[in-house]
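Coordinate inspection notes
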Amino acid sequence: MPSIRPSVFNQRVRADGGPFLIIEPCEEHEGFSIDVIFTDTPPAERTGDYPCERILNVSPDLLQIYPINVRADRPDYLKPRYGTLETIALGRRLDEPYPIPTTPEEVEGLLELLPDGFARDFRLGLGLLWEYRSICEALGAQGHVKLLVLHGGHEATFDPPMFVLGIRRFHEMRKEINRISNRYQRDARRDKQLHAYHELFHAADPALFPQQKKTLRADAIADATGGGRDRVVLSKRDRRATVGLLRSNLEALAESEPDALLSLKTEIEEVTLEQLILRFTEMLEKALPEAKWQSFLTQNPFILSLAFSVPALLVEEQAYAGGKRLSGRGGVVTDFILASASTGNLAIVEIKRPTTELLGAKPYRQDVYAASAELSGTIAQVLDQRVKLQRQLPMLKEDSGRGDIQDYGIRCIIVAGRTPDNGPQRRSFELVRSTMTGVTVITFDELLGRLQEIRAALGARIEPPALGSTPWNRS
């Protein structure tokens, strides 16, 4: 059954005149007080046990309200309506004590003395008006608050199981709730009007009644996020929408908020770089095939450019470097071709795996290791690719329309293996690669280390992930 406001539910006219109030002296509290009890049972039917529950206790100095659910068709009938919050207490009035009612009519007169925001119709089960139920529901949801005490002032004190709330703070909360409700009611009205327009006029004649774009209310995002100060967790769909909003407002942001936009750019770079480093680190810990690394580097060509001493651009992946015979066979394909961003000079990049052995398993002489067969073969492979690319470059430039790429001494770059762990192997590896002319060998962990250095330069605060074989965590 759909939820309806209690006031609507209780406007039904009952033939028996109910619900009813029973007024009895109370023996629980010190001093004189009376209990006011709610029941739906007519006087003539009150035999034995019948459903009833106290909703008020009145003494000259204190008025205690026990809000209950009054829907007889619900399982929580006559139970507290705000979870664990059972009682709302109002201290003595400033002008005079609370009058002690003796009849239901006097109870209704007493309820008229309640502060604004309180339900004054006992048929609603008392408590706060429907509009302000969130105040009591927030207290009841904590599971520790059983008593809410309202008194003069601006206090907000939590002393389990009691919460003390100043009446001035209570009224300020009510006013803010009113503002929130009005704001979203206007938004809902505008959305309903837009929906009706599209389903009626636009559906009937799209040419005469074109589709209208939805516009956000001014300050809607600021209101929802506390002016951007609040940390808001966005859903995947909201994140995509946020990126779209930012893109569509870049020019306006650059004009009105240039400093904030520049700061945001820096933060985005830091976060993006951090995610890239974490992913790189995770991949290094797995035995992935070359194809996975080629795909990763294709998506992030920025990493490849770190092998250059100058900024570089990705020209082509899985590029044809020449070498076909008349039969059409024998073509050479290299993993990546890059070019210097400033001069256009080309470089061939060959990707192996992090598990590629760079040195022989046994020392050639004591503490001296030679290059492994796999590394030697890769060096010969990229040198062969360079020769073929140099021969075919004029034709390739013409066919591809890339007059900006040049052969000023094509470089060969090999990304393979990981830096050896012990001192003699590291020394031998450095000696081997330092003697190469035109061929640069860089390990996967060295690429990761360069990413870490860039992040540090950007001012990222997250510590580098632990990785036993990376340059910053070696013995």
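Overview of the structure. What you see is a predicted model, and the numbers here were worked out from it, not measured in a lab.

**Focus on the overall build of the protein**
Regarding its fold elements, the protein presents 13 helices and 13 strands. Across the 475 residues that make up the protein, the buried fraction comes to 37%. Of the contacts made within the protein by residues no fewer than 6 positions apart, 57% connect residues no fewer than 24 positions apart. Looking at the protein as shown, the accessible area adds up to about 28,300 Å², and 54% of this sits on carbon and sulfur atoms.

**Some words on the pairing of strand S12 (residues 406-415)**
Two strands pair when backbone bridges link them, and strand S11 (residues 345-351) and S12 are joined in this way by six bridges, in the parallel orientation. Bridged to Glu350 within S12 is Ile414. You can see the chain leave S11, run along helix H11 (residues 373-400) and come back into S12, and the turn it takes is right-handed. Both S12 and strand S13 (residues 439-442) contribute to a ladder of four bridges, which runs parallel. Bridging from a neighbouring strand, Cys412 pairs with Val439 of S13.

**Considering a nonpolar patch on the surface**
A grouping of Leu216, Ile221 and Leu245 is seen on the molecular surface, where their side chains present a nonpolar patch of about 280 Å² in accessible area. Residue position: Ile221 is located in helix H5 (residues 220-224).

**Quick look at the packing of aromatic side chains**
Inspection of every chain in the model, using the stated rule, returns nine aromatic pairs. An angle of 55° between the planes, with centres 4.7 Å apart, marks the rings of Trp293 and Phe444 as tilted. With Trp293 in helix H9 (residues 290-299) and Phe444 in helix H13 (residues 444-458), this pair connects stretches of sequence that are 151 residues apart. The burial state of Trp293 is the same as that of Phe444; both residues are buried. Following the ring pairs from residue to residue traces out a cluster consisting of Phe280, Trp293, Phe296 and Phe444. Here the guanidinium or amino end of Arg133 rests over the ring plane of Trp130, the centre of that ring lying 4.0 Å away. Between Arg174 and the ring centre of Tyr132, over which it is positioned, the NZ or CZ distance is 5.4 Å.

**Some words on the pairing of strand S2 (residues 34-39)**
With six of its six residues buried, S2 lies for the most part within the structure. Looking at chain direction, strand S1 (residues 20-25) and S2 are connected through six bridges and run antiparallel. From the neighbouring strand, Ile23 faces S2, where its bridge partner is Val36. Judged from the six bridges that link them, S2 and strand S3 (residues 52-59) form a sheet pairing that is antiparallel. Paired with Ile34 across the two strands is Val58, which belongs to S3.

Thresholds applied
- Residues numbered from 1 in each chain as written.
- Predicted model: local features only at pLDDT ≥ 70, side-chain atom pairs only at ≥ 80, totals over all residues.
- Heavy atoms only, no water.
- Helix = DSSP H or I, 4+ residues; strand = E, 2+ residues; numbered from the N terminus.
- Buried < 20%, exposed > 50% of the residue type's maximum accessible area, 1.4 Å probe, protein only.
- Contact = heavy atoms within 4.5 Å.
- Areas by Shrake-Rupley, 256 points an atom, 1.4 Å probe, with all protein chains shown as cover.
- Pairing = 2+ DSSP bridges.
- Right-handed = clockwise from strand over helix to strand, strands pointing away.
- Patch = residues over 30% accessible without salt bridge, like charges linked within 9 Å, V, L, I, M, F, W, Y side chains within 5 Å.
- Salt bridge = Lys/Arg side-chain N within 4 Å of Asp/Glu carboxyl O.
- Phe/Tyr/Trp six-rings, centres within 6.5 Å; stacked < 30°, edge-to-face > 60°.
- Lys NZ or Arg CZ within 6 Å of the ring centre and 35° of its normal.

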